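Inside the fold
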Amino acid sequence: MVKSHYSLLPIMLILLLLCPIERELKAAHILGSQMTYECIDPDVTDDLVRFQIKCTIFVDKFGAISEDQSYDFGIYEEVETNSWSWISTKYDQNTKNKFMLQIDSSNPCLPLNTGVEGFSYVFDIDLPLSDNSYMIAHQQCCRSPLINNIIESGDTGIAIAVEISPEAQRTCDTSPQFNELPPVFVCQDQPLQVDFSAIDLEGDELQYSFCAPKTSYCYDVLPDPEVCPPPYDDIYFLDPIGTPGGLTWQTPIAGDPVIAIDPITGIITGAPTQVGQYVTGVCVQAFRDNQLIAEVVRDFTFTVGDISLSTKESKQNFTSLYPNPTNGLFEIEFPSILSGRLSISNVIGEIVIEKDIQNTDQLQIDLTEEDTGVYVVQFVSSDNIARYIERVVVY
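Just so you know, these numbers come straight off a predicted model, no measurement behind them.

Regarding the overall build of the protein chain
For the protein chain, the helix and strand inventory stands at 3 helices and 24 strands. Burial status across the protein chain gives 49% buried among its 395 residues. For the protein chain, the share of sequence-separated contacts (at least 6 apart) that also reach a separation of at least 24 residues comes to 68%.

Below, the structure is given as structure tokens:
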């Protein structure tokens, strides 16, 4: 039987309408997340306990999350060790709080035009008391395309989850809560001291460690919680050039001294040696009478800046470098007609463009053949008087 092509028109129209939405969501530029819980009513009924869930997602300032963006959260029960059964979905949870992470303006390697936003989703769930653990989870694509230590970061999603153990249900436990928000930027070759400590309201003993950040094994922009239950996959780490031994979730950032977390205090120390963005997972476990009661995970991307570059940046920028971020095509404007040398390099210092410039006050640049990431654009005039340097983000 011959089918009319007109029968495909409604489907094609739907796909056309959905495509821009998917592109927008995929451009979320996620830098990290965390999920915690608080017991707010141990006696909803004789066999129900109520928890408040708080999920926070961190994105860079170029991300696409809006304040009216709603997400679905799956609720699962562990039927056997690390095997989970979907129970229900909390649909259309909206942002309860949007905030900017505080930027230390005195940070000497803070680049221009930067920022990290946080979006918190808060909702209540009533759980029947069970001898099994529950898990609350959300999955989403995609992480920032500028991350250096994982494979295809711009196409890698994030899986955010927290487990509520039988003991946590029975005792109306509240999970550990992080004391401070993570820093927006840290400096290359400078001593690092970042506080990832938490507080436990029940006074349980807390232990800290690096752990593997997670991603969904489903490839949708917003995977269906019922179709994509846990367990979730570890992200795939990429060994950067010049990193002895490579990077893993145990050693997510190259450092000298080595980047490490104190298992008692939760303080991360060391000195990062490579500029770039590096996703890191930190697990906080709460023990009561040597029994694991709760665990929360903060998944966050550290951005390591070049202190020497930032010192130069403070001297002089181009009159205009637009657009930034860019798809690879952008224009540079100078304050006057100049001649000199232009060079553009990537975050590991490899020069991708270098050429002499003669008598011009503007340039058109094409980086469309290069990988996505951060590039440093530098110009020195022929008389060495005018020096310009600025970063550009290619997505």
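Let's talk about the packing of aromatic side chains
Taken as a whole and assessed by the stated rule, the structure comprises 14 aromatic pairs. Ring centres of F196 and F302 lie 5.9 Å apart, and the angle between their planes is 25 degrees; on these two criteria the pair is classed as stacked. Taken together, the residues span a long stretch of sequence, with F196 in the loop between β11 (192-195) and β12 (198-199) and F302 in strand β19 (residues 291-305) at a distance of 106 residues. A single burial state applies to F196 and to F302, both of which are buried. Relative to Y388, the ring of F318 lies with its centre 5.5 Å away and its plane at 15 degrees, an arrangement referred to as stacked. Placement of F318 in the loop between α3 (307-313) and β20 (320-322) and of Y388 in strand β24 (residues 387-394) is noted, with a sequence separation of 70 residues between them. Neither F318 nor Y388 differs from the other in exposure class; each is buried. Through a chain of ring-to-ring contacts, the aromatic side chains of F58, F178, F196, F300 and F302 assemble into a single cluster. Positioned over the ring face of F178 is R298, at 4.1 Å from the centre of the ring.

Details of the side chain of Q140
Position of Q140 among the secondary structure elements: in strand β7 (residues 134-140). Within the structure, the side chain of Q140 is placed 3.1 Å from the side chain of Y71, a separation counted as a polar contact.

Details of the state of the cysteines
Applying the stated criterion across every chain yields a total of 4 disulfides. Shown here is the disulfide that connects C39 with C172, its sulfur atoms set 1.7 Å apart. Note on the C39 and C172 pair: the S-S dihedral is about -95 degrees, so by sign convention the disulfide is left-handed. Taken as a pair, C39 in strand β1 (residues 30-45) and C172 in the loop between α2 (166-170) and β9 (177-178) lie far apart in primary sequence, 133 residues in all. By relative accessible area, C172 is classed as buried at 17%.

Concerning the pairing of β24
Summarising burial for β24: 7 of the 8 residues are buried, a large majority. Of the pairings in the sheet, the one linking strand β23 (residues 373-381) to β24 comprises 8 bridges and is antiparallel in character. Bridging from a neighbouring strand, V377 pairs with E390 of β24. Joining the antiparallel neighbours β23 and β24 is a turn of 5 residues, in which N384 adopts a positive phi near 65 degrees.

Points about the sheet that holds strand β16 (residues 260-261)
One open sheet accounts for 3 strands, arranged β11-β17-β16; its pairing is antiparallel. One side of each edge strand has no neighbouring strand; the edge strands of this open sheet are β11 and β16. As paired strands, β11 and strand β17 (residues 267-270) are joined by 4 bridges and run antiparallel to one another. Across the sheet, the residue bridging to V194 is I268, located in β17.

A word on the sheet that holds strand β3 (residues 71-80)
In space, the 4 strands of this open sheet follow the order β4-β3-β7-β8, with antiparallel pairing throughout. This sheet does not close on itself; its edge strands, each paired only once, are β4 (83-93) and β8 (158-164). Between one strand axis and the next, the sheet turns by 25 degrees as a mean value, whatever way the strands run. Here β3 runs beside β7; their pairing, made up of 4 bridges, is antiparallel. Each residue of the ladder has a partner; that of I75, found in β7, is I136.

A closer look at the pattern of salt bridges
Note that side chains of opposite charge can pair when their charged atoms are close. A complete count under the given rule lists 9 salt bridges for this structure. Salt-bridge contacts for E167 lead to R170; the nearest nitrogen and oxygen are separated by 2.5 Å. Highlighted residues: E167 and R170, both in helix α2, separated by 3 residues, approximately one helical turn. On the basis of relative accessibility, which here comes to 59%, the residue R170 falls in the exposed class.

The rules behind the values
Residues numbered from 1 in each chain as written. Predicted model: local features only at pLDDT ≥ 70, side-chain atom pairs only at ≥ 80, totals over all residues. Heavy atoms only, no water. Helix = DSSP H or I, 4+ residues; strand = E, 2+ residues; numbered from the N terminus. Buried < 20%, exposed > 50% of the residue type's maximum accessible area, 1.4 Å probe, protein only. Contact = heavy atoms within 4.5 Å. Phe/Tyr/Trp six-rings, centres within 6.5 Å; stacked < 30°, edge-to-face > 60°. Lys NZ or Arg CZ within 6 Å of the ring centre and 35° of its normal. Polar contact = N/O pair within 3.5 Å; in protein donor to acceptor, adjacent residues only side chain to side chain. Disulfide = S-S within 2.5 Å. Pairing = 2+ DSSP bridges. Axes fitted to C-alpha atoms, helices over the stretch in contact; angles between N-to-C directions. Salt bridge = Lys/Arg side-chain N within 4 Å of Asp/Glu carboxyl O.

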